[in-house]
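Architecture at a glance
Spelled out from the first residue to the last, the chains are:
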Amino acid sequence: MDRIFEAGQRGEKVRSDCWVRLEPRASGGLELSVQSKVETMHGDAVRATCQAVLETLGVRDVGVTVEDAGALDFVLAARIEAAVKRAGLGNGASFLPAPGPGFGARTTRERFRRSRLYLPGNEPRYFLNASQHKPDAVILDLEDSVAPPAKDAARVLVRNALRAVDFGECERMVRINQGERGLEDIDAVVSQNVHVILIPKVESAEQVQAVDSRAEKVRLAAGLEGPCLLMPIIESALGCFNALAIATASPNVVALTIGLEDYTADLGAQRTLEGRESFWARQVVVNAARAAGITPIDTVFSDFADTEGLRQACLEAKALGFEGKGCIHPRQVAVVHEAFAPSSEEVEKAKRIVLAFEDAERRGLGVVALGSKMVDPPVVKRALRTIQMAEALNILPKDWRTLGAATPTRGKGDQGEHS
Amino acid sequence: MAGKSVSAGLTENAMGRQVPEVVNGKKQVPYGGVHGHRPGGRKAAPPIPTAADYPAHGDKRVKSLADALGACGIQDGMTLSTHHHFRNGDLVANMLFDVCARLGKRELMWFPSASFPCHEPIIAHMEHGVVHHIEGSMNGPLGDYCTDGKMRGLGVLRSHGGRWQAIQDGEVHIDIAVIAAPCADPFGNANGVHGPAGCGSLNFALADSLYADRVIVVTDHLVPFPAIPWQIQGSNVDFVVCVDRIGDPSKIVSGTTEITKSPDRLLIAERVARFVRDAGIMRSGFSFQAGAGGTSLAFAVYLREMMKRAGVKA
């Protein structure tokens, strides 16, 4: 029995994580050795957690070494469970950390999804402060930002994080893997109050439906209310051609987005800043989404040091009809929010439309008119959404109606909170 | 390495944080909220000196730092303080503890206004028991030593204002203050303005000079009485020691401090700036001092933005 099984991370720069080394033995019970950076304050608590986890997992005759770099309990538990599973030990049980505050957070179909912050699923240190940067959503990623050898460990970690980490008002998203592995991801995490599943590399409606029914099954078994929402990612030529079918594959699809790195590779094209090679694909996504009545979301901007480039990319995306962009770095969130915020002209126009709409309602008129022009229901709906965003961003005070037409619309720079 | 959990002996402060009740043998006052703590009592004070104990001619020079420490009655367990106006170019703190080691003194508490990577030799003094622990910021190797739990006492960090307050209110009792002075006269008047090691001000040593039991001025640039201007008043000084070099002013600008890139630290900086604005501290004519670290630089940038938008001038 000379095999060693390991999980987690170790090294000088590791923070908020730990490394677990497991040596199965023939007998002798548990031998636990913990070296912790926070030995003085938390050493005993760390040891107690390790023991509790190993006991719950039904692991008896092992030598376990833990090198702790400030890992919280849910991380310790995840790393131990990953090592135990790799060793084929234990009774197949899981150790589910106690649910933290924010575990019961709810979402709505209609909420803003301007910014979604990607969190690599094997890096616990990014989870902890993610909600402080106030993205509309966080994405716990099990797919491309996790190296293949770490995907099993990331799955346990993400499951635990969904329970224990408070993501505040951010929508809770998980990007699953492709294919069968993705369905197994659903089995492992969806019962932990996942709001939205990001489905990578979608090429057909059937793929969406497979995810949808698996998620439904898991939620029913877990006794959870409400469906799991879906956001397919189009990342190939075939995906583009099937975009409308994908967008309408299920009533749970709320948004459609595009992944340009893989798409460009699929085309055999060169990725350029101007993006001519992907223009059609982005147009397809916008059109399919709007035709399906869902939200089109643009791809990420990879140069996180280039703030001005990001802003320009957001303005361009907004002009094309996109309503948001993925974020790969917390400092992108504020820029995205500001760029997608309605301009003062848009807000003024929206105010006029909404006032006309409410006036028509009050007078029992079936038609909304602004001067001599008719205003269609979809336009009214968009105007209402613009007002909603302006209020949420403090560009418009909530009582703007009573303050009269002369209410000044504040400049974007005056937002108190970059929310 | 055996460790003890310190969950016993913790109490909750006004911010809901768990804080220790006793630190390095001293009972602590947990933070009581804004305006929540009114100390009462009287300020600390040094012992009353008698003119008979000082040279009639006012020349307080002694031959060496060792002599000065001996004359101050240095003993095991005393608290010795220094300032950090030379930042990473300081020579006096290391000199001081080398001398203490030679004198066979042990278990001393070092109370610097800050320490730097150049103070790495103090680690050896801690390992040999000359220094028991440090209360003051610890940058570089000293910080690592402390973080690794190797320091015997508990490290205590204070803000610059907090250090002054701790000295004034008697929370920290300085037995001997050793003040490196770029310019001093034989009476002990000192400033940081003149001399080859000119560093500007000696503000960080001011409280030490007022409240320490004994004060030693160490200089490499002696001038005839009176040293003008005097920031350290000679009447608070017991001994003056002349040495070849007290510090390297070229090392005062220690490293290039760049604005932080860490998203979490930028968030902290932004929130501090917002706090300064929303608490009404940012108003026309206000003054502030920011630190030199990466987060402080970011804070200054955010604050400048807010000041510009509000039309406020500091």
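The rules behind these values
- Sequence positions are assigned chain by chain, starting from 1 and proceeding in written order.
- Working convention: letters from A go to chains and numbers from 1 go to ligands, in the order in which they are written.
- The predicted nature of this model means local features are confined to residues of pLDDT at least 70 and side-chain atom pairs, given and counted, to a pLDDT of 80 or more, with totals for whole chains, interfaces and linings taken over all residues.
- Going along the chain from the N terminus, every DSSP run of H or I of four or more residues is numbered as a helix, and every run of E of two or more is numbered as a strand.
- Exposure classification rests on a simple neighbour count of other C-beta atoms within 10 Å of a residue's own: a residue reaching 20 or more is buried, one at 12 or fewer is exposed, and one in between is partly exposed. C-beta atoms are placed from the backbone.
- Here, residues touch in the contact sense if the C-beta positions derived from the backbone fall within 7 Å of one another.
- Computation of the radius of gyration draws on C-alpha atoms, with the globule rule given as 2.2 Å multiplied by the number of residues to the power 0.38.
- The axes used here are C-alpha line fits, helices contributing only the stretch in contact, and every angle between their N-to-C directions lies in the interval 0 to 180 degrees.
- By definition, any crossing whose near helix is turned counterclockwise from its far helix by less than a right angle is left-handed, and any crossing with a clockwise turn is right-handed.
- Side-chain classes follow a simple rule in which Ala, Val, Leu, Ile, Met, Phe, Trp, Tyr, Cys and Pro form the nonpolar group, Asp, Glu, Lys and Arg form the charged group, and the remainder, Gly included, forms the polar group.
- An automatic or database domain assignment provides the domain bounds reported here.
- When DSSP finds two or more bridges between two strands, those strands count as paired.
- Note on scores: pLDDT gives the predictor's confidence for each residue, bounded by 0 and 100.
- Here a nonpolar core is just a set of buried residues of the types Ala, Val, Leu, Ile, Met, Phe, Trp, Tyr and Cys, joined wherever their C-beta atoms sit within 7 Å.

**Thoughts on the overall build of chain A**
- When its secondary structure is counted, chain A shows 15 helices and 14 strands.
- When the backbone C-alpha atoms are referred to their principal axes, chain A occupies close to 90 × 45 × 45 Å.
- Counting the 419 residues in chain A, one finds 46% classified as buried.
- Pairs at least 24 apart in sequence give 69% of the contacts found in chain A among residues at least 6 apart.

**Side note on the overall build of chain B**
- On a plain count of helices and strands, chain B comes out with eight helices and 13 strands.
- By the compact-globule yardstick of 20 Å for 314 residues, chain B fits well, its C-alpha radius of gyration being 21 Å.
- Its C-alpha atoms put chain B at 60 × 50 × 40 Å along the principal axes.
- Residues classed as buried in chain B amount to 35% of the 314 residues present.
- A separation threshold of at least 6 residues defines the contact pool for chain B, and within that pool the share at least 24 residues apart is 71%.

**Details of the packing of helix α11 (residues 307–320) of chain A against helix α12 (residues 331–340) of chain A**
Residue and element names in this part refer to chain A.
- It is the contact of α11 with α12, at a shortest axis distance of 9 Å, that shows an interaxial angle of 35°. In this structure, α11 crosses over α12, and the sense of that crossing is right-handed. Residues T307, L310, R311, C314, L315 and K318 of α11 pack against Q332, V335, V336, A339 and F340 of α12.
- When its residues are assigned to classes, the contact of α11 with α12 shows seven nonpolar, two polar and two charged.

**Comments concerning the domain arrangement of chain B**
- Parsing chain B into structural domains produces domain 1 (55–251) and domain 2 (263–310).
- Using only C-alpha atoms to locate each centre, domain 1 of chain B and domain 2 of chain B end up separated by 32 Å.

**Focus: the sheet that holds strand β3 (residues 30–36) of chain A**
Residue and element names in this part refer to chain A.
- One open sheet holds the four strands; their spatial order is β1-β2-β4-β3, and the pairing between them is mixed. Only two strands of the sheet have a single neighbouring strand rather than two, namely β1 (5–8) and β3. For this sheet, the mean angle separating the axes of adjacent strands, direction not counted, is 10°.
- The pairing of strand β2 (residues 17–24) with strand β4 (residues 62–69) spans eight bridges and is antiparallel.

**Quick word on the sheet that holds strand β12 (residues 325–327) of chain A**
All names here are of chain A.
- Taken in spatial order, the eight strands make up an open sheet running β11-β10-β9-β8-β7-β6-β5-β12, and their pairing is parallel. The sheet terminates laterally at β11 (295–297) and β12, the two strands that pair on one side only. On average, adjacent strands in this sheet sit at an angle of 25° to one another, irrespective of strand direction.
- In this sheet, strand β10 (residues 255–258) lies alongside strand β9 (residues 229–234) in parallel orientation, the contact comprising two bridges. Of the residues in β10, the one forming a bridge with I234 is I258.

**Some words on the environment of R60 of chain A**
Residue and element names in this part refer to chain A.
- Counting through the fold element by element, R60 comes out in the loop between α1 (39–56) and β4.
- For R60, a count of 15 C-beta atoms within 10 Å puts it in the partly exposed group.
- Once residues lying within four places of it in the same chain are set aside, the contact partners of R60 are G29 and L30.

**Some remarks on the pairing of β2 of chain A**
- Where β1 of chain A lies against β2 of chain A, four bridges are found, and the strand directions are antiparallel. Note on β2 of chain A: the bridge partner recorded for G8 of chain A is W19 of chain A.

**As for the confidence of the model for chain A**
- Summarising the model, chain A shows a mean pLDDT of 92, and 96% of its residues fall at 70 or more.
- Low pLDDT, under 50, characterises residues 413–419 of chain A; the predicted model gives this stretch nine contacts beyond four residues in sequence or across chains.

**Observations regarding the nonpolar core**
- Grouped together as the largest cluster of nonpolar side chains are 122 residues, with contacts concentrated most on V138, V174, I197, L230 and V285 of chain A.
- Those residues in contact with L230 of chain A that lie beyond four places of it in its chain are V196, I197, I199, V208, V211, D212, S250, N252, V253 and V254 of chain A.
- In this structure, A93, L142, A184 and V218 of chain B belong to the second largest nonpolar core, which totals 58 residues.

**Examining the environment of G102 of chain A**
Residues and elements named next belong to chain A.
- Along the polypeptide, G102 turns up in the loop between α2 (73–86) and β5 (115–120).
- Sequence separation between G102 and D166 is 64 residues; the distance between their C-alpha atoms is 4.7 Å.
- Once residues within four sequence positions are removed from consideration, G102 is found in contact with D166, F167 and G168.

**A word on helix α2 (residues 92–102) of chain B**
- Within α2 of chain B the residues assigned to the buried category are V92, A93, M95, L96, F97 and C100 of chain B.
- Just downstream of α2 of chain B lies G104 of chain B, where phi reads positive at about 75°.

**A word on unusual backbone geometry**
- With an omega of 0°, the peptide bond running from F225 of chain B to P226 of chain B counts as cis.
- Following the sequence through the fold, P226 of chain B ends up in the loop between β12 (214–219) and β13 (239–242).
- Put simply, I228 of chain B and P229 of chain B share a cis peptide bond, and its omega is -10°.
- In this fold, P229 of chain B is placed in the loop between β12 and β13.
- Look at K134 of chain A: it is not a glycine, yet its phi comes out positive at around 55°.
- Although it is not a glycine, H35 of chain B sits at a positive phi angle of roughly 55°.
- Note that H35 of chain B resides in the loop between β4 (26–27) and β5 (61–62).
- Among the residues examined, H35 of chain B registers 6 C-beta atoms within 10 Å and is labelled exposed.

**Digging into the environment of R116 of chain A**
Residue and element names in this part refer to chain A.
- Positionally, R116 belongs in strand β5.
- A count of 29 C-beta atoms within 10 Å places R116 in the buried class.
- Expressed as a C-alpha distance, the spacing of R116 and S131, which sit 15 residues apart in the sequence, is 11 Å.
- Residue contacts for R116: discarding those within four places in its chain leaves P135, D136, A137, I139, M173, G326 and C327.

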